[in-house]
Amino acid sequence: MSIPHIIEQLTTEHLRKLRYALGLNKRKKPWRNYYGSIGANADWEHLCTLGIARRSANATKHVTYTVTFEAARALYGKSMSRNYFDNCLDEQGMNGKEHIRRSGRKRRRRHPLG
């Protein structure tokens, strides 16, 4: 079964987590590709068995899930090049300082009183 057909059959919660991993919950275009979890996450493990996501773990039991290119393209619903997917989406485990250094963007700090 192809990835777009599998995505059509996913639950709302699965779709929400996939969209969150790609940053589509806040922006119109994907800008990241990771979902971090302490320990394994049952929903993400299911997505990995379907071939929609990949799993990587490090020594501190922190698990990072990433969405595959085919699934990201199907979720986005518009054309996306492999080059954009490989080079422009934030890699797993990138922290805020690395993101700022790479993108040149600074995060806005909130005023402590409001």
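Reading the values: the criteria
Residues numbered from 1 in each chain as written. Predicted model: local features only at pLDDT ≥ 70, side-chain atom pairs only at ≥ 80, totals over all residues. Heavy atoms only, no water. Phe/Tyr/Trp six-rings, centres within 6.5 Å; stacked < 30°, edge-to-face > 60°. Helix = DSSP H or I, 4+ residues; strand = E, 2+ residues; numbered from the N terminus. Buried < 20%, exposed > 50% of the residue type's maximum accessible area, 1.4 Å probe, protein only. Lys NZ or Arg CZ within 6 Å of the ring centre and 35° of its normal. Arc of directions from axis to C-beta. Contact = heavy atoms within 4.5 Å. Salt bridge = Lys/Arg side-chain N within 4 Å of Asp/Glu carboxyl O.

Asks: When you look at the packing of aromatic side chains in this model, what are you seeing that I'm missing?
Replies: In this description, a pair of aromatic rings is defined by centroid distance and the angle of the planes. For the coordinates displayed, the defined rule picks out 4 aromatic pairs. Both rings, one in W44 and one in Y65, keep their centres 5.4 Å apart while their planes meet at 20°; by these two values the pair is stacked. Linking W44 in helix α3 (residues 42-49) with Y65 in strand β3 (residues 62-67), this pair joins segments that are 21 residues apart in sequence. The same class applies to W44 as to Y65, namely buried. K29 extends its terminal NZ or CZ atom over the ring of Y84, reaching a point 4.6 Å from the ring centre. Between R32 and the ring centre of Y34, over which it is positioned, the NZ or CZ distance is 4.6 Å.

Asks: What exactly am I supposed to notice about helix α4 (residues 69-76) here?
Replies: Two residues of an α-helix separated by three or four positions point the same way, owing to the 3.6 residues in each turn. Residues of α4 that are buried include every one of F69, A71, A72, L75 and Y76, and no others. End-on view of α4: buried residues confined to an arc of 165°, all on one side of the axis. Each element contacted by the buried residues of α4 is listed here: α1 (3-8), α2 (12-22), β3 and α5 (82-87). At the C-terminal side of α4, G77 shows a positive phi close to 80°.

Asks: Looking at this model, I keep getting lost on the pattern of salt bridges. Mind explaining?
Replies: When the charged atoms of two side chains with opposite charge come close together, those side chains can pair. One pass over the full model with this rule turns up 4 salt bridges. Of the charged contacts, one joins R16 and E13 as a salt bridge, the two residues approaching to 2.6 Å between their closest N and O atoms. Of the two residues, R16 and E13 both sit in helix α2, 3 residues apart, roughly one turn of that helix. Residue class for R16 comes out partly exposed when judged on its relative accessible area of 45%.

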